[in-house]
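Observations on the model geometry
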Amino acid sequence: MDLFEDEAPKGGDNAHEFSVSEISGAVKKTVEGAFGHVRVRGELGRVTHHRSGHVYLDLKDERASLSGVIWRGSASKMETRPEEGMEVIATGRLTTFQGQSKYQMVIESLVPAGAGALMAMLEKRRKMLEGEGLFDPARKRPIPWLPEVIGVVTSPTGAVIRDILHRLRDRFPRKVLVWPVAVQGPNCAPDVTRAIRGFNALSVGGALPRPDLIIVARGGGSIEDLWGFNEESVVRAAAESAIPLISAVGHETDTTLIDHASDRRAPTPTAAAEIAVPVRAELAADIAQMGARLGQLQRYAMDRRGERLRDLSRGLPRSDALLQGPRQRLDDLDRRLPGALRAAIAAKRLALSEHPLRPALAAVPVARARDRVERAAATLPGAFRGGIAQRRLALSQHSLRPAGLSERLRQERRHAERVAGRLTPELVTDRLRRLSERLAALDRLRETLSHRATLERGFAVVRAGGTVVTDRASAAAAAELEIEFKDGRLTVGQGGGGSEPPAAPAPKAPRRKPASKPEQPDLF
Amino acid sequence: MSETQKPVEEMSFEEAIRELETVVGQLERGDVALEQSIALYERGAKLKTRCETKLAEAEEKVAKITLDASGQPQGTAPLEG
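Residues numbered from 1 in each chain as written. Chains lettered and ligands numbered in written order. Predicted model: local features only at pLDDT ≥ 70, side-chain atom pairs only at ≥ 80, totals over all residues. Heavy atoms only, no water.

- Looking at an unreviewed UniProt entry, one finds chain B named Exodeoxyribonuclease 7 small subunit, with Pseudoroseicyclus aestuarii as its source organism.
- In its Subunit (unreviewed entry) section, UniProt records this for chain B: "Heterooligomer composed of large and small subunits."
- Of the comments in the UniProt record for chain B, the one headed Function (unreviewed entry) reads "Bidirectionally degrades single-stranded DNA into large acid-insoluble oligonucleotides, which are then degraded further into small acid-soluble oligonucleotides." (UniProt positions renumbered as here; feature names shortened; annotations may be inferred.)

- The name recorded for chain A in an unreviewed UniProt entry is Exodeoxyribonuclease 7 large subunit, from Pseudoroseicyclus aestuarii.

Structure follows, in structure tokens:
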């Protein structure tokens, strides 16, 4: 077996040896023979109308692409003008292009075959991702107003990154991190997906600064050039990005699925840079203007307050005017004060003189009492001696032993004489004097407390049936009222006239009790 | 507002300019007390300085991320082009 296998290549050496032209010619013959007349269904990719009149185009589906050409003669006869994205059925033949080892289809007729299959697939994918909520407006993050670091996912060479950097520099220079990716071809989608996730994976404060904004950008191109940005992985990465993301893929009319998932879609890469940063010069002008306004406002606020203060102080009355009235009053009172004091003293003195203290009133009973005491004192020793005489008589009648008795009598006498010696009128008169003084004091107090003084001032006491009447209701209920003035009482009937009743009862009433004690009018 | 005041020196440009706008607005309404208006004015002046400093800091730095064979970032390189 080993032997045969080893010999197998050698066997190949024995096969016919083609020249390049020969093999190319053979392939051409085979291809043209086998595919001399074919109908191909596909979507038109890039379509180029050459100025020679020939039309070059691609036919494609999800996996393959077939180059085609429509010669001028056929193109002029065609009813439909071939356009990119059009689903067509092309009729023609295959041929090879020997010089470049390529094959192509020479298309003789072209008919539309409904909506592009590619587009249909795109639409299906869009609906699926939309159904998952990836395009939900609620998912969209606000674009930072002034990002510190901008991550750009694009090709490091070419016009796109230059446009972005140029516009950023014009507006507000920032730190930019470019994550290089292929922007078309099979690597495009995986590169872009990895770049978006990679930027998100950077930690804040790490070796590489984490961007606070991502721009995914690509210039214009055909639908298949931009196809990578329709890939599910890219769309998902964009939707999941925690860093706000601006998509700027293709021209304004091109819409790829990443545009639906991004937080903001920019029509062009340049527009993305404009969305990313404000214009620094405008900000500086704004700040300068605000600074100026700040100063103006502060001055204005001060001026206005100053003005208000001046207005208010003008409205404030002058201090001397304010004090004039009170001062005048003070002067007036000051002038009247000494006179008033004197008048008050005079009035008090008068009132005092109207209530004379009459010691004589007390003197009478005191004198009487003293008389009695003196009389009693005068009779006392005699009475005592009379008593002794009586006893002596009684004793003598009993005819006791005189010697013993007389001795005892002598003792008794001595004793009696001692007692009689201590008994003096002063014992009584002193006490009487003290009582008299106290009486006088009490009388003064009574006079002071008496309502009579009030009556002197013109007030009157109203009574009904001996009871003092202090309110109108009681007065109305009484049949008649007795009014006490300073100089006597007056009884008034409750008829209609008021002061009708004869004056006769008036003097009667006060006389009832005071008759016995004229100096002490009854309070009730 | 003034209770949770962040030190002006720690503010981002955006925070500073927002508060500057607020300060100017408050002074424009003119309903603040004199003492407060002076405090606002002083804070406004600080905020303005902060904004100007942040604006002056604006500088362009462009770098390209270098990737290793597996497509993981390795570092940065100047961007040629």
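**Here we look at the overall build of chain A**
- Across its full length, chain A holds 17 helices and 14 strands.
- Within chain A, contacts between residues at least 6 apart in sequence are counted, and of these 63% link residues at least 24 apart.
- Accessible surface, chain A: about 33800 Å² in total, of which carbon and sulfur atoms supply 56%. (Helix = DSSP H or I, 4+ residues; strand = E, 2+ residues; numbered from the N terminus. Contact = heavy atoms within 4.5 Å. Areas by Shrake-Rupley, 256 points an atom, 1.4 Å probe, with all protein chains shown as cover.)

**Section: the environment of Gly458(A)**
- Within the secondary structure layout, Gly458(A) lies in the loop between α15 (452–456) and β11 (461–464).
- Spatially, the C-alpha atoms of Gly458(A) and Phe485(A) are 7.4 Å apart, while their sequence positions differ by 27 residues.

**Points about the interface of chain B and chain A**
- Counting residues at the interface gives 42 residues for chain B, matched by 35 residues for chain A.
- At the boundary of chain B with chain A, total buried surface from both sides reaches about 3400 Å², with 70% on carbon and sulfur atoms.
- Inspection of the region where chain B meets chain A yields 1 salt bridge.
- On the surface where chain B and chain A come into contact, there are 8 residue pairs in polar contact (both at pLDDT 80 or more).
- Contributing elements (two or more residues each) for the side of chain B that touches chain A: α1 (13–29), α2 (34–56), β1 (61–67) and β2 (73–78) of chain B.
- If you tally residues by element for the side of chain B that touches chain A, the top one is α2(B), at 12 residues.
- For the side of chain B that touches chain A, the residue count by class is 22 nonpolar, 9 polar and 11 charged.
- Pairing of strand β7 (residues 175–180) of chain A with β1(B) involves 4 bridges; the strand directions are parallel. Its bridge partner being in β1(B), Val176(A) is matched across the sheet by Val62(B). (Buried area = accessible area lost by both parts, 1.4 Å probe. Salt bridge = Lys/Arg side-chain N within 4 Å of Asp/Glu carboxyl O. Polar contact = N/O pair within 3.5 Å; in protein donor to acceptor, adjacent residues only side chain to side chain. Nonpolar A, V, L, I, M, F, W, Y, C, P; charged D, E, K, R; others polar. Pairing = 2+ DSSP bridges.)

**Side note on the sheet that holds strand β8 (residues 213–218) of chain A**
- The strand order across the open sheet formed by 7 strands is β10(A)-β9(A)-β8(A)-β6(A)-β7(A)-β1(B)-β2(B), and the pairing between neighbours is mixed. Both outer strands of the open sheet, β10 (264–265) of chain A together with β2 of chain B, are each paired with one neighbouring strand and no more.
- Against the sheet, helix α9 (residues 269–276) of chain A engages β6 (149–154), β8, β9 (245–249) and β10 of chain A, with an angle of about 170° to β8(A). (Axes fitted to C-alpha atoms, helices over the stretch in contact; angles between N-to-C directions.)

**A closer look at the packing of aromatic side chains**
- Tallied over the full model, the rule gives 3 aromatic pairs over all chains.
- Aromatic side chains Trp145(A) and Phe13(B) sit 5.9 Å apart centroid to centroid with 10° between the ring planes, which places their arrangement in the stacked category. Here Trp145(A), found in the loop between α4 (117–131) and β6, pairs with Phe13(B), found in helix α1, and the two come from separate chains.
- Judged by relative accessible area, Trp145(A) falls into the partly exposed class, the value being 30%.
- A residue is classified by how much of its surface remains accessible, and Phe13(B), at 3% relative accessible area, is buried. (Phe/Tyr/Trp six-rings, centres within 6.5 Å; stacked < 30°, edge-to-face > 60°. Buried < 20%, exposed > 50% of the residue type's maximum accessible area, 1.4 Å probe, protein only.)

**Regarding the layout of surface pockets**
Residues and elements named next belong to chain A.
- In this model, the second largest pocket occupies a volume close to 470 Å³.
- Looking at the second largest pocket, it is lined by 22 residues, and the ones nearest its centre are Lys 60, Glu 62, Glu 224, Asp 225 and Trp 227.
- Elements that contribute at least two residues to the lining of the second largest pocket include exactly β2 (55–60), α4 and α6 (188–201).
- A per-class count over the lining of the second largest pocket returns 7 nonpolar, 5 polar and 10 charged.
- Counting only domains with at least three residues in the lining of the second largest pocket, you end up with domain 1 (22–113) and domain 2 (122–276). (1 Å grid on protein atoms, 1.4 Å probe; cavity = no way out; pocket = protein on both sides within 12 Å on 5 of 7 lines; lining within 4 Å. Points joined across faces, edges and corners; volume = space filled by probe spheres on them. Domains from an automatic or database assignment.)

**Some thoughts on the side chain of Arg43(B)**
- Structurally, the position occupied by Arg43(B) is in helix α2.
- Once residues within four sequence positions are removed from consideration, Arg43(B) is found in contact with Gln5(B), Lys6(B), Val8(B), Met11(B) and Glu19(B).

**A word on the sheet that holds strand β5 (residues 102–112) of chain A**
All names here are of chain A.
- Taken in spatial order, the 5 strands of this closed barrel run β1-β2-β3-β5-β4, and their pairing is mixed. Here the average twist between neighbouring strands, direction ignored, is 55°.
- Here strand β1 (residues 38–49) pairs with strand β4 (residues 87–97) via 6 bridges, running antiparallel. Residue Val 38 lies in a different strand from β4, and its bridge partner there is Gly 92.

**Remarks on the packing of α1(B) against α2(B)**
Residue and element names in this part refer to chain B.
- Running from N to C, α1 and α2 cross one another at 150°; their axes reach a closest spacing of 9 Å. What the angle tells us is that α1 and α2 run roughly antiparallel. In this structure, α1 meets α2 at a crossing whose hand is left-handed. In this structure, α1 contributes Phe 13, Ala 16, Ile 17, Glu 19, Leu 20, Val 23, Gln 26 and Leu 27 to the contact, and α2 contributes Ser 37, Leu 40, Tyr 41, Arg 43, Gly 44, Leu 47, Lys 48, Arg 50, Cys 51, Lys 54 and Leu 55.
- The residue inventory of the contact of α1 with α2, partitioned by class, reads 11 nonpolar, 3 polar and 5 charged. (Parallel < 35°, antiparallel > 145°, perpendicular 65-115°, else oblique. Left-handed = near helix turned anticlockwise from the far one by under 90°.)

**Some remarks on the pattern of salt bridges**
- Tallying each qualifying case throughout the model produces 29 salt bridges over all chains.
- The salt bridge involving Lys127(A) is made with Glu123(A); its shortest N-O contact spans 3.6 Å. With Lys127(A) and Glu123(A) both in helix α4 and 4 residues apart, this pair spans about one turn of that helix.
- Note on Glu123(A): relative accessible area 32%, which makes it partly exposed.
- Taking the shortest distance from any N to any O, the salt bridge between Arg18(B) and Glu14(B) comes out at 2.9 Å. Of the two residues, Arg18(B) and Glu14(B) both sit in helix α1, 4 residues apart, roughly one turn of that helix.
- Salt bridges sharing partners connect three or more residues here, namely Glu123(A), Arg126(A), Lys127(A) and Glu130(A).

**Focus on the side chain of Ser247(A)**
- For Ser247(A), the position within the fold is in strand β9.
- Those residues in contact with Ser247(A) that sit more than four places away from it in its chain are Val216(A), Ile258(A), Asp259(A), Ser262(A), Arg264(A), Arg265(A) and Ala266(A).

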